[in-house]
Amino acid sequence: MPRIIEAVPNISEGRRPEVVKEAVSALEGAPGVRVLDVQSDKDHNRSVLTLVGDERGLEEAILRLFEVAVARLDLRTHQGEHPRLGVVDVVPFIPIESASIADCVALARRVGAAVAERFGVPVFLYEEAATALHRRNLEDVRRGQFEGLAAKMKDPQWASDFGPRAPHPSAGATVIGARMPLIAYNVNLGTADVEVAKRIAKAIRHSSGGYRFVKAMGLLLEERKVAQVSINMTDFKKTPLHRVFETVRAEAERYGVSVVGSEIVGLVPAEALLDAADHFLRLEGFSPSQVLERKIRETE
């Protein structure tokens with residue numbers, strides 16, 4: 001069977017639909033690649049693009065994406081709530097079918113080398129593709145953001161894995177790697193006080209003593225005047241959605257703040273939502289085989 005790999009590039013543009021459309025068209029031009037989802041956020045000024053294909057198609061697609069992003073985006077004038085290092089900020093490769101994490105690591109390294117050679121953009125490898133332990137976590141690689149990148153890269157331990165030893169003047173750097181599927185999940189609070197969101201994020205993220213498979217930060221959605229706990233869940237089976245949501249709600253109540261909503265960015269495994277439904281509805285003896293659409297597919 002052909003290998004199916006998912007890629008989820010994040011680009012530093014969420015306010016100009018015409019530029020995002022141009023980026024998506026570039027991806028769609030690669031053979032054998034399907035763009036499954038596009039989500040843009042004006043406050044983050046960022047778009048998350050989800051695509052699947054085989055190694056050859058994805059490599060071409062990502063290089064086409066860089067052609068657009070390097071030409072059309074400029075981090076020197078970019079403003080948004082989400083941390084970023086580059087115009088194409090991060091590109092994870094995720095094994096889906098007949099592919100292994102080792103296949104994705106090899107792909108990340110090939111794409112990283114090609115990006116650096118063709119566009120002169122420094123590339124850092126992260127997660128399973130990382131070349132050192134201190135580079136595994138995305139937040140560590142991205143700490144200091146674009147504005148602090150030139151100084152950071154003067155430190156030998158933060159030399160790029162591929163490409164120049166200094167940021168591209170307008171495109172910054174990019175982080176490319178391989179990982180298992182994650183869920184990007186945001187919880188919005190009934191307050192504009194970003195400090196509350198930051199305290200809650202600190203309480204739930206692993207790096208501060210929280211849940212093992214949770215990364216989180218607090219930020220302010222300027223347009224809505226709403227504080228948000230922005231979360232990456234790296235293993236929903238070991239740390240489920242409902243547990244994180246309930247903890248955020250409980251922590252918010254300590255500050256007299258309510259949860260006004262939550263959102264999933266990009267795509268999500270059905271199992272994660274079924275687990276949440278099972279928990280909140282207190283279903284007894286529930287089986288995923290009771291889901292109508294799933295049952296129909298099983299009998300086709």
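Relevant structure appears above.
This write-up is about the structure you can find in this document.

Definitions and limits used
- Residues numbered from 1 in each chain as written.
- Predicted model: local features only at pLDDT ≥ 70, side-chain atom pairs only at ≥ 80, totals over all residues.
- Heavy atoms only, no water.
- Helix = DSSP H or I, 4+ residues; strand = E, 2+ residues; numbered from the N terminus.
- Rg over C-alpha atoms; globule rule 2.2 N^0.38 Å.
- Buried < 20%, exposed > 50% of the residue type's maximum accessible area, 1.4 Å probe, protein only.
- Contact = heavy atoms within 4.5 Å.
- Areas by Shrake-Rupley, 256 points an atom, 1.4 Å probe, with all protein chains shown as cover.
- Lys, Arg positive; Asp, Glu negative; His and termini not counted.
- Charge placed at Lys NZ, Arg CZ, Asp CG, Glu CD.
- Expected span 1.5 Å × (residues − 1).
- Salt bridge = Lys/Arg side-chain N within 4 Å of Asp/Glu carboxyl O.
- Axes fitted to C-alpha atoms, helices over the stretch in contact; angles between N-to-C directions.
- Parallel < 35°, antiparallel > 145°, perpendicular 65-115°, else oblique.
- Nonpolar A, V, L, I, M, F, W, Y, C, P; charged D, E, K, R; others polar.
- Core = buried A, V, L, I, M, F, W, Y, C linked by side-chain atoms within 4.5 Å.
- Pairing = 2+ DSSP bridges.

1. Describing the overall build of the chain
Reasoning step 1: Across its full length, the chain carries nine helices and 11 strands.
Reasoning step 2: Since a compact globule built from 300 residues should have a radius of gyration of about 19 Å, the 19 Å found for the chain is in line with a globular shape.
Reasoning step 3: Taken along its principal axes, the extent of the C-alpha atoms in the chain is 55 × 50 × 40 Å.
Reasoning step 4: Counting the 300 residues in the chain, one finds 49% classified as buried.
Reasoning step 5: Intrachain contacts of the chain at a sequence separation of at least 6 include 73% that bridge at least 24 residues.
Reasoning step 6: Carbon and sulfur atoms provide 50% of the accessible area of the chain, an area that totals close to 14300 Å².
Reasoning step 7: Computed over 40 positive and 42 negative side-chain charges, the inter-centroid distance for the chain is 4 Å.

2. Here we look at helix α8 (residues 270-281)
A turn of α-helix holds 3.6 residues, and therefore any two residues three or four places apart point the same way.
Reasoning step 1: Its 12 residues place the ends of α8 16 Å apart at the C-alpha level, agreeing with the 16 Å of an ideal helix rising 1.5 Å per residue.
Reasoning step 2: For α8, every residue scored as buried is listed here: Ala272, Leu274 and Ala276.

3. Description of the pattern of salt bridges
Two side chains bearing opposite charge may form a pair once their charged atoms approach each other closely.
Reasoning step 1: Applying the stated rule across the entire model yields 21 salt bridges.
Reasoning step 2: Taking the shortest distance from any N to any O, the salt bridge between Asp103 and Arg3 comes out at 3.5 Å. Within this pair, whereas Asp103 is found in helix α3 (residues 101-119), its partner Arg3 is found in the segment before β1 (4-7), the two being separated by 100 residues in sequence.
Reasoning step 3: Its relative accessible area of 17% is what places Asp103 among the buried residues.
Reasoning step 4: For Arg136, the salt bridge identified is with Glu128, shortest N-O distance 2.8 Å.
Reasoning step 5: Glu128 sits in the partly exposed class, given a relative accessible area of 38%.
Reasoning step 6: One salt-bridge network, in which partners are shared between bridges, spans Arg3, Glu55 and Asp103.

4. Quick notes on the packing of helix α7 (residues 241-254) against α8
Reasoning step 1: α8 packs onto α7 with a crossing angle of 55° between their chain directions and a minimal axis gap of 8 Å. By the angle between their axes, α7 is oblique relative to α8. Between α7 and α8, the contacting residues are Leu241, His242, Phe245 and Glu246 on the first element and Ala272, Leu273, Asp275, Ala276, His279 and Phe280 on the second.
Reasoning step 2: For the contact of α7 with α8, the class distribution of residues is six nonpolar, two polar and two charged.

5. Some words on the nonpolar core
Reasoning step 1: Counting 46 residues, the largest nonpolar core has Leu58, Phe93, Val115 and Ile176 as the members making the most contacts within it.
Reasoning step 2: Looking at this core, the elements that each hand over two or more residues are β1, α1 (17-28), β4 (46-53), α2 (55-72), β5 (88-97), α3, β6 (123-127) and β7 (174-178).
Reasoning step 3: If sequence neighbours within four positions are ignored, Ile176 has contacts with Val91, Phe93, Ala108, Val111, Gly112, Val115, Val123, Phe124, Leu125 and Tyr126.
Reasoning step 4: Core analysis: the next-biggest nonpolar cluster, separate from the first, contains 23 residues, Ala197, Phe236, Leu241 and Ala252 among them.

6. With respect to the sheet that holds strand β8 (residues 183-189)
Remark on secondary structure: sheet strands pair via backbone hydrogen bonds, oriented parallel or antiparallel.
Reasoning step 1: One open sheet holds the four strands; their spatial order is β9-β10-β8-β11, and the pairing between them is antiparallel. Either end of the sheet is taken by a strand with one partner, and the two such strands are β9 (214-221) and β11 (259-265). Adjacent strand axes in the sheet meet at a mean angle of 20° when their direction is disregarded.
Reasoning step 2: Taken together, the six bridges between β8 and strand β10 (residues 226-233) define a ladder with antiparallel strand orientation. Looking at the pairing, Ala184 lines up with Asn232 of β10.
Reasoning step 3: Across the face of the sheet, helix α6 (residues 194-204) comes into contact with β8, β9 and β10 while running at roughly 175° to β9.

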